[in-house]
Every structure is written in structure tokens, then in C-alpha cells.
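If you want the building blocks of each chain, they are given just below.
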Amino acid sequence: MDRRSALDKLARRIPLGCAIFVGVVAALVLAGWATDFHELLRFTPNGVAMIPATAVCFLLAATSLALSNRAAESDITRWVQKLLALVVAAIAIIEFLEYQYEPSFGIDLILFRDSVLAAPWRPAGRIAVNTSAALLLMSLGLLFLTHDIKKRDLRSQLFAAGGLVVAILALLGYVFGVRELYSFNVGSGMALPAVICFLVLGIGILFAHRERGFSSLLVDHGAAGVMTRRLLPAAMVLPVLLALLRVAGQRAGMYESEFGITLFAGVSIVTFLAVVLWAARVLREMDNDRSALILREQDARSAAERARIEAETARTEAERANTIKTDFLAVMSHELRTPLTAIMGYEELLSDGITGPVTDQQRQQLGRINASAHHLLGLIDEILTFARVDVGREKIRLDKVSMNTAIAEAAALVEPMATAKSLRFVVVNLFEDQSITTDRTKFKQMLVNLLSNAIKFTDQGEVRLTAAIRGDLAELCVSDTGIGIDADHLEAVFEPFWQVEQGATRRAGGTGLGLSVTRKLARLLGGDVTVKTAVQKGSTFTLTLPLVSPIQSGLKRHTPGPIPIK
Ligand code: ADP
């Protein structure tokens, strides 16, 4: 835990701790009276003892202070807390009036009458004048405790401080043996345990409002807090020590009164000088700390700013590199396509015998040229589509498509491949045809991609295409009994230019773009492609598409015109 939170935690606990201390002392005093053992709490043989009425007042005040901790939580607690403070105030006022005008309200002897009458203090059982005054001030301090921290109300602290002054005077009276300071009236006075209880109670009340006034300085996290915490003990203890020294010297006959006063002044000057210099040093240290902190913060800020600019530059660079790559792919595919179309055109002219008669062997060779050219064209188209989809320039044309028709058309394109490999090729159409609003070409392209993969990677058994409708989604499953895909590679197969098993792929050919393009197209149309597979058992690729593409139902997609090709 850092020092700040430790300080806050301590400050939070002070009011309750003080309340418990005062409550325990008051209870002990009452127990002392009940057992005729009140001597215990007099501390000095001929000192004044706390009388039962004072102890009861302390008990009530301590409970009020303890409740103030929880007063924010319920109205009842708040009312009880105030009521207890009022009772203490009332007792203090009654006792005061009794001194002044000598009526008797009879509260002095309610508790432990005989023991109180037997005790030497007079009037018997009456709270001393200064004790009643301090009790009244403390009870007002408790009464004005408010839990609305926004209020800058300092009344509670001022009353508590007043009570503390009365108690401190009494304490000094005890320390210096000046009876008038703790006993305003002949026959009784403020007992030493009462002095201690007042000091503790006062501190508790001050800290109940630690967010404002005097106590806020003590718990302050900044320079003010450090100064107050360090100087306060010195400011309180040093004058007392100096005065004690002076009085002791004078009593021992070491010097006259004038000499004593002069000595007191001299030592005070030296002491306060030391305290002032010490305070100045503390302030300078803190100033230095703060400057170092500000420098560090500035460093951190400029480092963060540098990192942000670097990240921004890296992102722009990456985007630029991606665009260059895609543009390169698009341009290159286009440049390849042009001569290829020419090759295919000439092959057609040759096959048609326009340039002269063709032998059987030549026709067979021309057939191979044609097949290879078509294959190459397919690959180039795939790269082109990938490039367009990758930069979001793929154009979508929505149409009402009959699912069974599109499925049949896609199946017809790949069926010869399956037949050539002696694979069973099964198509399970929709029982009742359904129209789907999507891009017809892309829909077929995705099916062809999945089906041709299934055929490519299956040597025996079957390839099956099943169509179904699930809610507002069309589901197309392409399953095969082929080589399957290792679990480690399941997501990688959707990465561009990624091929699982080099041997089989080489054998089967391909760019490693088919699945990547298929998934991108599916997502573009509001659907997706997923796969389930087991090695050497087969795979099932599932294409889901919404029956109505979200583009039509208002969802905007970034689909500016086709990629510009020179
Ligand atoms: P290509 O088929 O052009 O190599 P794809 O992106 O279509 O590229 O497929 C990527 C890889 O995923 C293929 O190389 C293959 O290893 C694996 N794959 C795709 N479909 C299947 C399938 N039905 N059965 C087994 N492996 C497959």
C-alpha cells in the first residue's frame, strides 16, 4: 500500500478509534463508581476524579461520534447521533445553570448517590464549570457534524476546537501545577481522565470532517499536509518543554524571574529559528521533488507522443504497402490476361481450321493449350478478385436468385472434374426452391470454389453438396471424404496464399487464394464460411448467407466501382 492510501486509511479510522477510547474510559469510570474503586482513575493521590454524570456524558458523546461514521447511510442513525449530542448539551447546560442560580434538577445524584456523597468534591456529583463548558462545546461539535462533504460548514470544527482549548488549558494546569487552570470553582475541577477524554474526543470530531478545515490540512497529500504533520508536534510540544524547563529552574532556585523570562525568550528564539529553517528545508526538498516529477512527466509525455507518431507512420506505411501490393496484383493479373486472351483466340482460330487443316495430333495438342489457358485464366481471375475484395473495391450486384438453379449451374461446372476422378457427386437440392437476394456470380463462384477444393483433395468416395434453409439463412454444405485438414491449420486455410500440405497441393495445383476469397465474399454478402474436418476422413465446409443480403436492407458497404485497370 502506498503512503497516500495508508494516510487516508488511518485518517478514516481516527473518529471511530477515538470514540472507542473515550467510551472505554467512561465505562471504566462508571465501573469504578459502581465498585467504589474510583480512586483508580484519579491518577494522582489527591487529584479530582471524574464524576458519574461526566462519565455518562462521555459515554453518550462517544456513541454519537461512533454513529457519525455511519450517519450517511440511514436517517435513523443520523437522528440518534444528533439526539445523543443534544442530551449531552442539555446536561451541560443544566449543570451550568445549577452553578449559576443554584436550582436543583436532581441529576447530580441519580447515579451511585452514596458513593458520590461520600466523595470529597462539592457540590456533590456536580460537573465542574470548565468540564460543563467543554462538554457543551464538544456536544455542539457533534451536533453540527454533517455528511454532505460539499458543504464547507466549519461550525463543528470550531466548537470542537473550543472544547480542546478548555481541555488543553486544564492539561497545562496539571503539567505546571497551576490549579486555576483545571479547577475554575472551589471544591472540584476537570479530572485528568476527563482532560484526556476531551482531547481524544476533540480529535475524533475534527477528523470526522477530514475533508475540510483544519483536519484537511493534516491529511493533505501535498506540501501543506507534509508541513502540518511535521511542524504541528514541534509547535505543540516545544513551548511546553521550554516553559517546563524555565519553571523547574526557577523552582530549584537556579535563577530569578527576570533571568528566567530572558532565558525563555532566548531559547524560544533559537528553537523557533531551528523550526523555521527546518520547515524551509522541507519545502525546498519538496520543490525539488516536484520539479523532478514535472521533468519526468514531460519526458514521459514526449516519449508517448513519439511512440504515437511512430505508430501512426507505421500504420500509414503498412496501408501504403498493402495498396501497392494489391495494385501490383491487379495490374499484373490484367497484364497477364491480355496476352492470354490472345493465345486463346489464336488457339480457337487454329482449332477451327481457319489457318489450314489440323491433324488429329495437332488438335489434341491444341486441346491441351486450351485447357491450360483456361486454367491460367481461372487463376488470374482469382487473384484479381482477391485484389479487389482486399481493398474493398469489389462491386456487388444484387439479384433475386433461385437457389436450386444456381446450385445446379455451379454443380454442372465441376461435375466433369469429379467424374474424371471417379468420385460420386451428389447434390441435395432444396425440396422447395427458394429465392435468395444476393450476388448471383459471387454465389456461384463461392460454391464452385468449395466444390472444386472438395474434388481436388478427395481421391475416392464422394463429394456432396446439401442445401437447407435455417430461419432467415441459407446454408450450403460441401462435404467430402478426402484427406481432411489438420486441426492446427483450420483457421490458416482461410489466409491468403496459404496451402496446407505441399505435396497434395502441388499435385492438385491452386493459388492458396480460393478459401480466402470465398470467406471475404461471403462476409461481404453478410454471411460466412466455416469448416469441420478430420484428417483422412474428410471435410465439410459450410457457407451461410442471409436470404436477403444486408446491403439491401439498408446496411452500407464500401463498394465503390471496380478497380481501375490501365
Ligand atoms: P488452393 O485450393 O488454391 O490451394 P484454397 O484457399 O482454396 O487454395 O485452399 C487452401 C488450402 O486449404 C489448400 O491448399 C488445401 O491444403 C486446404 N483445403 C481446402 N479445401 C480442402 C478440402 N476440401 N479438403 C482438404 N484440404 C482442403
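In case you missed it, the structure is sitting above this.
(A) The site of the ligand, seen in detail. Of all residues adjacent to the ligand, which total 22 residues, the nearest are N453, K456, D480, Q499 and L515. Note that an oxygen atom of the ligand is positioned 2.7 Å from one of the side-chain N or O atoms of N453. The contact in question runs from a nitrogen atom of the ligand to an N or O atom on the side chain of S539, over 3.4 Å. Of all the secondary structure elements, the ones that give two or more residues to the shell around the ligand are helix 14 (440-456), helix 16 (514-524) and strand 7 (538-546). For the shell around the ligand, the element with the most residues is helix 14, which contributes 3 residues. Of the residues in the shell around the ligand, the class split is 10 nonpolar, 9 polar and 3 charged.

(B) Layout of the packing of aromatic side chains. Taken as a whole, this structure holds 4 aromatic pairs when the rule is applied. With a centroid separation of 6.4 Å and 70° between ring planes, the pair formed by F494 and F541 is classed as edge-to-face. In this pair, F494 sits in the loop between strand 5 (473-480) and helix 15 (502-508) while F541 sits in strand 7, placing the two residues 47 residues apart along the sequence. By the burial criterion, F494 is buried, and F541 matches it. Over the ring of F494 we find R519; its NZ or CZ atom is 3.7 Å from the centre of that ring.

(C) Here's a closer look at the environment of L164. Along the chain, L164 turns up in helix 6 (residues 155-176). For L164, a relative accessible area of 12% corresponds to the buried category. Along the chain, L164 and G202 lie 38 residues apart, while their C-alpha atoms are 5.9 Å from each other. Filtering out sequence-adjacent residues up to four positions away, L164 remains in contact with M138, F198, L199, G202, I203 and L206.

(D) Representation of the packing of helix 6 against helix 10 (residues 223-251) within the structure. Where helix 6 meets helix 10, the axes come as close as 11 Å, and the angle between the chain directions of the two elements is 35°. The crossing of helix 6 and helix 10 is right-handed. Here L172, V175 and F176 of helix 6 lie close against helix 10, whose contacting residues are V240, A243, L244, V247 and R251. Considering only residue class, the contact of helix 6 with helix 10 consists of 7 nonpolar, no polar and 1 charged.

(E) Highlighting the pairing of strand 6 (residues 528-534). Looking at chain direction, strand 6 and strand 7 are connected through 7 bridges and run antiparallel. Along strand 7, the bridge assignment pairs D528 with T544. Joining the antiparallel neighbours strand 6 and strand 7 is a turn of 3 residues, in which Q536 adopts a positive phi near 65°.

(F) Looking closely at the pairing of strand 7. The buried fraction of strand 7 amounts to 7 of the 9 residues, a majority that puts the element mostly inside the structure. Pairing of strand 5 with strand 7, which is carried by 7 bridges, proceeds in the antiparallel orientation. Bridge pairing links L476 to L543 in strand 7.

(G) Representation of empty space enclosed by the protein in the model. The final tally for this structure, using the stated rule, is 2 cavities of 30 Å³ or more. The computed volume of the largest cavity comes to approximately 100 Å³. Lining the largest cavity we find 17 residues, and of these A49, I51, T54, A128 and G189 sit closest to its centre. Grouping the constituent residues of the lining of the largest cavity by class yields 11 nonpolar, 5 polar and 1 charged.

(H) Highlighting the nonpolar core. Judged by nonpolar contacts, the single largest core of 52 residues is most densely connected at M50 and F58. Where this core is concerned, the elements lending two or more residues are helix 1 (3-34), helix 2 (52-68), helix 3 (75-101), helix 5 (129-143), helix 6 and helix 8 (192-208). A per-element tally of this core places helix 8 first, with 10 residues. With residues up to four places along the chain from it excluded, the contact list for F58 reads V22, A26, M50, L135, A194, C197, F198 and L201. Judged by nonpolar contacts, the second largest core, of 49 residues, contains V401, L423, V529 and F541.

Calculation criteria
Residues numbered from 1 in each chain as written. Predicted model: local features only at pLDDT ≥ 70, side-chain atom pairs only at ≥ 80, totals over all residues. Heavy atoms only, no water. Near = heavy atom within 4 Å. Polar contact = N/O pair within 3.5 Å; in protein donor to acceptor, adjacent residues only side chain to side chain. Helix = DSSP H or I, 4+ residues; strand = E, 2+ residues; numbered from the N terminus. Nonpolar A, V, L, I, M, F, W, Y, C, P; charged D, E, K, R; others polar. Phe/Tyr/Trp six-rings, centres within 6.5 Å; stacked < 30°, edge-to-face > 60°. Buried < 20%, exposed > 50% of the residue type's maximum accessible area, 1.4 Å probe, protein only. Lys NZ or Arg CZ within 6 Å of the ring centre and 35° of its normal. Contact = heavy atoms within 4.5 Å. Axes fitted to C-alpha atoms, helices over the stretch in contact; angles between N-to-C directions. Left-handed = near helix turned anticlockwise from the far one by under 90°. Pairing = 2+ DSSP bridges. 1 Å grid on protein atoms, 1.4 Å probe; cavity = no way out; pocket = protein on both sides within 12 Å on 5 of 7 lines; lining within 4 Å. Points joined across faces, edges and corners; volume = space filled by probe spheres on them. Core = buried A, V, L, I, M, F, W, Y, C linked by side-chain atoms within 4.5 Å.

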